Amino acid sequence: MVTSVVGVQWGDEGKGRIVDYLAQNSEVVVRYQGGDNAGHTVENDYGKFALHIVPSGIFNRDAINMIGAGCVVNFQTLERELKGIPAELAENLFIDIRSHVIFPFHKDLDGAEESSKSEKDKIGTTKCGIGPCYSDKVSRIGLRSGDLLLSDELLEAKLRKLLDRKNKELAIYGMNTYSVEDMFALCRDWRGKFGSKIKDCLPILREKVGQDKRILLEGQLGIMRDIDWGIYPYCTSSSTTVGGACALSGIPFSRISKVVGVCKAYTTSVGGGPFVSELHDDIALKLRDKGHEYGATTGRPRRCGWADAVAVSYSCYLNSVTDLALTKLDILDDFDEIKVAVAYKVDGKTIDYLPSVQEQERAECVYKVFKGWKSDTSKVRKWDDLPENAKVFVKEFEKLAGVPVTYVSVGPERDQLIVL
Ligand code: GDP
Ligand code: IMO
Ligand code: MG
């Protein structure tokens, strides 16, 4: 049985927290796209972690965790991250040979490309080199993790070709270039440290799929920042959808039986681009303050606003979401009233679907208003024990999204969850 976990908003929905919970019952967990731009926070008996590249299933010692074929891997980040995790947990961590390698020059180019844009045009990337690395992948010049295992001669030849092109790009921005020797030394260092973990993960996956074992696919970012369906160009450089999960992990689509859409009870976004339900008032400050809404990777304050059912139902459709995991309900505990965007007004017309990115930029929300419940939900573990107004909010939310809510999260820790 394969379960895919996707974010249905702008990222930071609590995917790490939900994957950590679901991973307890999984044999394999695969991060299928993105790189160390992720900040997936997990709180459990081992402590509190902000995972950037390691899959959030790492805390199940019996599970195999994979950095999948569709990922881009910064081995420096991986090394740093693994130092903070008990060594025995990392024994079953593998990196697919098809994933691409992020080099220091990818980060330089990410920064330079951003700096060359006007304030309005900035994507606000994490500057982790994600876009430049995926660009090399689709340009068919990138280095894959499996290439680190090649003979010195072949590896050096690949690096030479890559650097020939990259150094020209760096020169355009007036940046320092890189020598083949230095990058070769870096690759050899990574080969020595991670060589035994880099493998073709497909045979393991095929075997587990054949045995109908529980497999979990972990998405990075949310649908609104998907390369095709998100707010292009203010998006990331890979597919965050369940379609992407199949293509980028190596799981046939027909084997996915459950798609968990992770959704905050309000909305946040880091970086540029439209965010129709964004607030600029005291409510936004309160959401940011109570929800500790600061980027787990860059520390940037997250933009905050009410939940947006127009965007969520769009995401649920695109991903065929079967179950919603509604997170951070507890953050709304002391609001007098809570709003959810149910439609947009664009150029005087009311619409209930997600319009073009340009139209989103000038759209305004039409809200449905809910009464607050004004009591602490963080200790609630059963649906029946939730305050009446909170139940109304959740039940109405699932109607607006068109998908049942199966999990309600009322705190960051693993057990702070109501399973319906
Ligand atoms: P991800 O990128 O989707 O994994 O989400 P992040 O980890 O970036 O952001 C979610 C933040 O909310 C983290 O700090 C989590 O610890 C925290 N969190 C997750 N679920 C809940 C919840 O139900 N209540 C509260 N109070 N915090 C939560
Ligand atoms: P998780 O996995 C929130 C945003 C950046 C930027 C855009 C592109 O924790 O949800 P990139 O570095 O990918 O080229 O940036 O996407 N972004 C995120 N926002 N959470 C993340 O990860 C993000 N990863 C990238 O702010 O607007
Ligand atoms: Mg995050």
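Residues numbered from 1 in each chain as written. Chains lettered and ligands numbered in written order. Predicted model: local features only at pLDDT ≥ 70, side-chain atom pairs only at ≥ 80, totals over all residues. Heavy atoms only, no water.

Any chance you could explain the packing of helix α5 (residues 152–172) against helix α6 (residues 180–194) here in plain terms?
Two quantities define a packed helix pair, namely the angle between the helix axes and the distance between the axes. Across the interface, α5 lies against α6 with an axial gap of 10 Å and an inter-helix angle of 130 degrees. Overall, the two elements α5 and α6 adopt an arrangement that is oblique. Remark: the crossing between α5 and α6 carries right-handed chirality. Contacts between α5 and α6 involve D152, L155, E156, L159, R160 and L163 on the former and, on the latter, V180, E181, M183, F184, C187, R188 and R191. (Axes fitted to C-alpha atoms, helices over the stretch in contact; angles between N-to-C directions. Helix = DSSP H or I, 4+ residues; strand = E, 2+ residues; numbered from the N terminus. Parallel < 35°, antiparallel > 145°, perpendicular 65-115°, else oblique. Left-handed = near helix turned anticlockwise from the far one by under 90°. Contact = heavy atoms within 4.5 Å.)

When you look at the coordination of the magnesium ion (ligand 3) in this model, what are you seeing that I'm missing?
Geometry reference: four tetrahedral donors at a metal, ideal angle 109.5 degrees. Six octahedral donors, ideal angles 90 or 180 degrees. For the magnesium ion (ligand 3), the protein coordination sphere consists of D12 (OD) and G39 (O), at 2.0 to 2.1 Å. Remark: G39 occurs in the loop between β2 (28–31) and β3 (40–44) and D12 occurs in the loop between β1 (2–7) and α1 (15–23); sequence separation between them is 27 residues. On the basis of relative accessible area, D12 is assigned to the partly exposed category, the value being 23%. (Donors = N, O, S within 2.8 Å, 3.2 Å for Na, K, Ca; no water. Buried < 20%, exposed > 50% of the residue type's maximum accessible area, 1.4 Å probe, protein only.)

Help me understand the site of ligand 2 in this model?
As a matter of local geometry, ligand 2 sits amid 19 residues, with K15, H40, T126, T236 and V270 nearest to it. In this structure, I123 approaches ligand 2 through a main-chain N or O atom, which is 3.0 Å from an oxygen atom. Within the backbone of L221, one N or O atom sits 3.1 Å away from an oxygen atom of ligand 2. A class-by-class count of the residues in the shell around ligand 2 yields five nonpolar, 10 polar and four charged. For the shell around ligand 2, the two domains that each supply at least three residues are domain 1 (2–74 + 203–419) and domain 2 (100–197). (Near = heavy atom within 4 Å. Polar contact = N/O pair within 3.5 Å; in protein donor to acceptor, adjacent residues only side chain to side chain. Nonpolar A, V, L, I, M, F, W, Y, C, P; charged D, E, K, R; others polar. Domains from an automatic or database assignment.)

Would you mind going over the packing of aromatic side chains with me for this structure?
Scanning the model with the defined rule gives 13 aromatic pairs in all. Aromatic pair W10 and F275: ring centres 5.3 Å apart, planes at 40 degrees, arrangement tilted. Residue W10 is found in the loop between β1 and α1, and its partner F275 is found in the loop between β12 (266–269) and α9 (282–290); the two are separated by 265 residues along the sequence. Pairing W373 with F393 gives two aromatic rings, centres 5.8 Å apart and planes at 50 degrees, and the pair type is tilted. With W373 in the loop between β17 (364–371) and α12 (388–401) and F393 in helix α12, the pair connects residues that are 20 residues apart, well separated along the chain. A relative accessible area of 7% places W373 in the buried class. Through a chain of ring-to-ring contacts, three or more aromatic side chains come together here, namely F75, F103, F105, Y178, W190 and F194. The lysine or arginine in question, K199, covers the ring of F94, its NZ or CZ lying 4.3 Å from the ring centre. (Phe/Tyr/Trp six-rings, centres within 6.5 Å; stacked < 30°, edge-to-face > 60°. Lys NZ or Arg CZ within 6 Å of the ring centre and 35° of its normal.)

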